[in-house]
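# Working through the structure, step by step
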Amino acid sequence: MEQPKGVDWTVIILTCQYKDSVEVFQRELEIRQKREQIPTRTLLLAVEDPEVHVGSGGATLNALLVVAEHLSARAGFTVVTSDVLHSAWILILHMGRDFPFDDCGRAFTCLPVENPQAPVEAVVCNLDCLLDIMSHRLGPGSPPGVWVCSTDMLLSVPPNPGISWDGFRGARVIALPGSTAYARNHGVYLTDSQGFVLDIYYQGTEAEIQRCARPDGRVPLVSGLVFFSVETAEHLLATHVSPPLDACTYMGLDSGARPVQLSLFFDILLCMARNVRREDFLVGQPPEMGQGDADIAGYRHGARAELWRELRDQPLTVAYVPDGSYNYMTNSASEFLHCLTFPGAPGAQVVHSQVEERQLLGAGSSVVSCLLEGPVQLGPGSVLQHCHLRGPIHIGTGCFVSGLDVAQSEALHGLELHDLVLQGHHVQLHGARSRAFTLVGRLDSWERQGTGTYLNMSWSQFFQKTGIRDWDLWDPDMPRIERCLLNARLFPVLHPSRALGPQDMLWMLDPQEAGSKALRAWRASWRLSWEQLQPCLDRAATLASRRHLFFRQALHKARHVLEARQDLSLRPLIQAAVREGCPGPLMATLDQVAAGVGDPGVAARALACVADVLGCMAEGQGGLRSGPAANPEWVRPFSYLECGDLARGVAALAEERDKWLSRGAVEGGLHLCGDRTSSILAGAALAALQRAAGRAVGTEALIHAVLHLEQVLTTGGGWQDQVGGLMPGIKVGRSRPQLPLKVEVEEITVPAGFVQKLNDHLLLVYTGKTRLARNLLQDVLRSWYARLPAVVQNAHNLVRHTEECAEAFRQGSLPLLGQCLTSYWEQKKLMAPGCEPLAVRRMMDVLAPHVHGQSLAGAGGGGFLYLLTKEPRQKEALEAVLAKTEGLGNYSIHLVEVDTQGLSLQLLGD
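Quick look at the structure, then. (Residues numbered from 1 in each chain as written. Predicted model: local features only at pLDDT ≥ 70, side-chain atom pairs only at ≥ 80, totals over all residues. Heavy atoms only, no water.)

This brings us to the overall build of the protein chain. Summing up its helical and strand segments, the protein chain has 33 helices and 33 strands in all. For the protein chain, the spread of C-alpha atoms along the three principal axes comes to 115 × 70 × 55 Å. Here the protein chain holds 910 residues, and 51% of them are scored as buried. Looking at the protein chain alone, contacts between residues at least 24 apart form 64% of all its contacts between residues at least 6 apart. When the accessible area of the protein chain is evaluated, it comes to approximately 42,300 Å², of which 53% is carbon and sulfur surface. With 80 positive and 96 negative side-chain charges, the protein chain shows a separation of 3 Å between the mean positions of the two kinds. (Helix = DSSP H or I, 4+ residues; strand = E, 2+ residues; numbered from the N terminus. Buried < 20%, exposed > 50% of the residue type's maximum accessible area, 1.4 Å probe, protein only. Contact = heavy atoms within 4.5 Å. Areas by Shrake-Rupley, 256 points an atom, 1.4 Å probe, with all protein chains shown as cover. Lys, Arg positive; Asp, Glu negative; His and termini not counted. Charge placed at Lys NZ, Arg CZ, Asp CG, Glu CD.)

Encoded structure:
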């Protein structure tokens, strides 16, 4: 299905809690813009929340102010004005709170999905999915305004969600269906029959949830998505100058205002719900707030009073998407693993990863952006992400392992992990970069609810098993009720005498085997709790490491695809390498394949991929040049290749290529011109030269000689034109995928009298449009070497339809032949987009009612059009038809017959 036209966003703004992450996330947005997911004209902004705990509402208000400032400045205004919102489509994405299973948050959590049609190969994270949903599913059709989207949920939305924007005003929330059981821990909308929101419940009572249920028994969940019309956005923006709401923005905090925590849904939107009374709203507090916040009740009262005054008259409606789905990414490892695995699936989901055949990947497991060498066993329901592991390694069921490199593989040898979360982290400690490792149980709780569990056992059991004591983890004066996994100093980040590894945590699984030395080493380390570790996480290093690993496994993939002769396109990978600034290692790998494989076909495809890399690097600035051809600087490399010395030839090509890449731009330009080359003309010329030289040459040899000549002349080409023009009668040519190439020609036997009938229905039209097929043919070959899926499929269809056309000749059926002609032309257009000039298309449209079928001869782009007319002897009739059509230019119609003799030579004077 063709993707609908996306929203042309004016601004996309990503909010985050940590100042040191703003630059990191800004770069990530820009990377996505280079991947063409975001229009180049879109303003991209990553901004820090004014305070860590301003809430989703405070972050929204601050982001809206920042957007208004930037758009006002872009418009040349010297003051901030909300007028700039009237023609803007704005998307605010909230990063949300820390996430224990990904150092870069829920937005950058990688998912076990891929898009084979994507122009650029890349690991897909939650942010990418949400951008796609907002740009191509929910956003299209909406008026100017402000979309706000959380990034802490996994969404599924159908291609056409059926949202009507006719007569819309106010704010609109997007609701997705959920069960009443799921709704007990989430937010739910209560609506009336017209779609107005009456109330919003969070972890509501059974009666409240049932009151929200729809006829199918499901309830509309609060999904983290809301749209503000320009009018409502202006009302919200106006509150940033009113105390105490001014403390939600950086301007208020810069003035010394006391921070206020504000919820987008249970402060800002709730005051717009029809059944909410003012007195109840003013004394309430959002569920995001903790129990210790009662001392600021008066402060919150003032903030809510200001929201009520400004927003109460704005209507709030719901758009319910019954075919969508919503899953909040909780801090439960069990629920998180369930989102990333496929229970009941027959095999593992392997995405952007290189794994060896001998590895055993359990059903329903997933492997994302990994490089696995040697025997690695992964149990059902387990997940590997961003790991380069070398076996033997056995990871059992219910595990999540992320961020480990080969250096940490040995720590896993001899172990069998079950129901565990093992992660490697990049951290900065006092400016120094290092690695830390965390290990928790799949069933452990990250909530503040007393002592809880660790490594899937009670704390008392853990203490007894390991010899660790509670004073190792918590300060003695910390109340026992406050002690939990979040604030337990479990995780070593620095050891006085050596580098740390997973073994500094894994010893806890079998303390008796590890011995007392492991406990002493753990106690000697500087340890942090999960809460203390969060500000030390080096998100820039994390994302850089993931990108580096992605390209490492991608190089393995490129080598395997080429050497195994797989019909998989490497073009998306090439685009990724160029756009993210690392084409060098890819070209080096392609050189190695071309030089070392010993197979000319594989070598040719590898070198074609090198050409693709260079073409992507040129970004269309190279014009339509066909390559170095006879440039004297490339003669030496080509001579090696012609002699069959692939290793020296590829090395010389790479050496010369590096010289060209190191040169600056050249002023002016060099224009190369050449005469039009015809394969049949070339065949006739070669035959005449051979005859003049006193040599006898067969037609089969001429076919191959023309093929060689066209390569020397850099026009490319194949053997089909020679077969058609030099061999007599009606025939079909075939060649097997082997070297040396051998062309086999079969003459087709047709019914008696059919050749004359065919002659009566054939016409040739000179379109008046000349064409040179060289660049067109090279683009076709490059697309084939790139194994673009559409080109590969089309090539198979061309072969199949050729056999169908041969059968139509055997039957003597003009209508079937016409259908073959029409299908053939559509296939040629797929193979070489742009080969049909507008004037030729106009001519073909005019002739269509009078013909069984038609196609351009040769590679397309102009030249001659051949027709199979419905009625015999239609030259004059069709000349009259074309004479009435404007804009066709200098055309002419000619009679044509099937050549039953083939190539013949006659010396002058004979």
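Here the narrative resumes.
So, about the side chain of Gln385. Locating Gln385 in the fold gives a position in strand β17 (residues 383–385). Gln385 sits in the buried class, given a relative accessible area of 1%. For Gln385, the side chain forms a polar contact with the main-chain oxygen of Cys110, separated by 2.8 Å. Beyond its immediate chain neighbours, meaning those up to four positions away, Gln385 contacts Cys110, Leu340, Val368, Ser369, Cys370, Phe400, Val401, Ser402 and Gly403. (Polar contact = N/O pair within 3.5 Å; in protein donor to acceptor, adjacent residues only side chain to side chain.)

Glancing now at the nonpolar core. Membership of the largest hydrophobic core comes to 80 residues, with the highest contact counts inside it found for Leu91, Phe108, Leu138 and Trp147. Core analysis: the next-biggest nonpolar cluster, separate from the first, contains 65 residues, Leu154, Leu485, Leu490 and Phe491 among them. (Core = buried A, V, L, I, M, F, W, Y, C linked by side-chain atoms within 4.5 Å.)

Attention now moves to the sheet that holds β17. Taking strand neighbours across the sheet as the criterion, the six strands line up as β12-β14-β17-β20-β22-β23 in an open arrangement whose pairing is mixed. Strands with a single pairing partner mark the edges of an open sheet, and in this sheet they are β12 (349–351) and β23 (432–441). If you compare each strand with its neighbour and ignore which way they point, the axes differ by 15° on average. Alignment of β17 against strand β20 (residues 400–402), held across three bridges, turns out to be parallel. Bridging across to β20, Val383 finds its partner in Phe400. (Pairing = 2+ DSSP bridges. Axes fitted to C-alpha atoms, helices over the stretch in contact; angles between N-to-C directions.)

Another aspect to go through is the packing of aromatic side chains. In this description, a pair of aromatic rings is defined by centroid distance and the angle of the planes. Counting across every chain of the model gives 26 aromatic pairs. Taking 5.1 Å as the distance between ring centres and 10° as the angle between the ring planes, the aromatic pair formed by Phe25 and Phe108 counts as stacked. Here the residue Phe25 occupies a position in helix α1 (residues 22–34), and Phe108 occupies one in the loop between β3 (89–94) and α3 (126–138), the gap between them amounting to 83 residues. Side by side, Phe25 and Phe108 carry an identical accessibility label, which is buried. Pairwise contacts between aromatic rings join Tyr454, Trp459, Phe462, Phe463 and Trp474 into one cluster. The lysine or arginine in question, Arg304, covers the ring of Phe281, its NZ or CZ lying 4.4 Å from the ring centre. Against the face of Trp784 rests Arg787, its NZ or CZ located 4.4 Å from the ring centre. (Phe/Tyr/Trp six-rings, centres within 6.5 Å; stacked < 30°, edge-to-face > 60°. Lys NZ or Arg CZ within 6 Å of the ring centre and 35° of its normal.)

With ten of 13 residues buried, α3 is to be regarded as a mostly interior element. Taken together, the buried positions of α3 are Asn126, Leu127, Asp128, Leu130, Leu131, Ile133, Met134, Ser135, His136 and Leu138.

Here we come to helix α13 (residues 459–466). Of the residues making up α13, those classed as buried are Trp459, Phe462, Phe463 and Thr466. The arc that holds the buried residues of α13, viewed along the axis, is 100°, so those residues lie on one side. In α13, the exposed residues that point more than 90 degrees away from the buried face are Ser460 and Gln464. Buried positions along α13 lie against β24 (453–454), β25 (457–458), α14 (470–473), α16 (511–514) and α17 (516–524). After α13 finishes, the residue Gly467 shows a positive phi value of roughly 85°. (Arc of directions from axis to C-beta.)

Looking along the chain, the bond that leaves Pro243 and enters Pro244 is cis, with omega of 0°. The topology assignment puts Pro244 in the loop between α6 (230–238) and α7 (250–254). Along the chain, Gly391 connects to Pro392 via a cis peptide bond; the corresponding omega equals 15°. Positionally, Pro392 belongs in the loop between β18 (388–390) and β19 (393–395). Non-glycine residue Asp419 carries a positive phi angle of around 55°. Looking at where Asp419 falls in the secondary structure, it is placed in the loop between β21 (416–417) and β22 (420–429).

Turning our attention to the pattern of salt bridges. According to the stated counting rule, one finds 45 salt bridges in the structure shown. A salt bridge links Arg184 to Glu206; its shortest N-O distance comes to 3.3 Å. Of the two residues, Arg184 is situated in the loop between α4 (180–183) and β7 (187–191) and Glu206 in helix α5 (residues 206–212); the sequence distance between them amounts to 22 residues. With a relative accessible area of 40%, Arg184 lands in the partly exposed category. With relative accessibility at 40%, the residue Glu206 sits in the partly exposed group. A salt bridge links Glu655 to Arg636; its shortest N-O distance comes to 3.5 Å. Highlighted residues: Glu655 in helix α24 (residues 646–662) and Arg636 in helix α23 (residues 635–642), separated in sequence by 19 residues. (Salt bridge = Lys/Arg side-chain N within 4 Å of Asp/Glu carboxyl O.)

The next thing to look at is the packing of helix α30 (residues 789–811) against helix α31 (residues 814–831). Geometry of a packed helix pair, given as the angle between the helix axes and the separation of the axes. Two numbers describe how α30 lies on α31: the axes approach to 10 Å, and their chain directions differ by 165°. Relative to α31, the element α30 lies roughly antiparallel. Relative to α31, the crossing made by α30 is left-handed. Between α30 and α31, the contacting residues are Val791, Asn794, Ala795, Asn797, Leu798, His801, Glu804, Cys805, Ala808, Phe809 and Gln811 on the first element and Leu816, Leu817, Cys820, Ser823, Tyr824, Gln827, Leu830 and Met831 on the second. Its residues assigned to classes, the contact of α30 with α31 comprises twelve nonpolar, six polar and one charged. (Parallel < 35°, antiparallel > 145°, perpendicular 65-115°, else oblique. Left-handed = near helix turned anticlockwise from the far one by under 90°. Nonpolar A, V, L, I, M, F, W, Y, C, P; charged D, E, K, R; others polar.)

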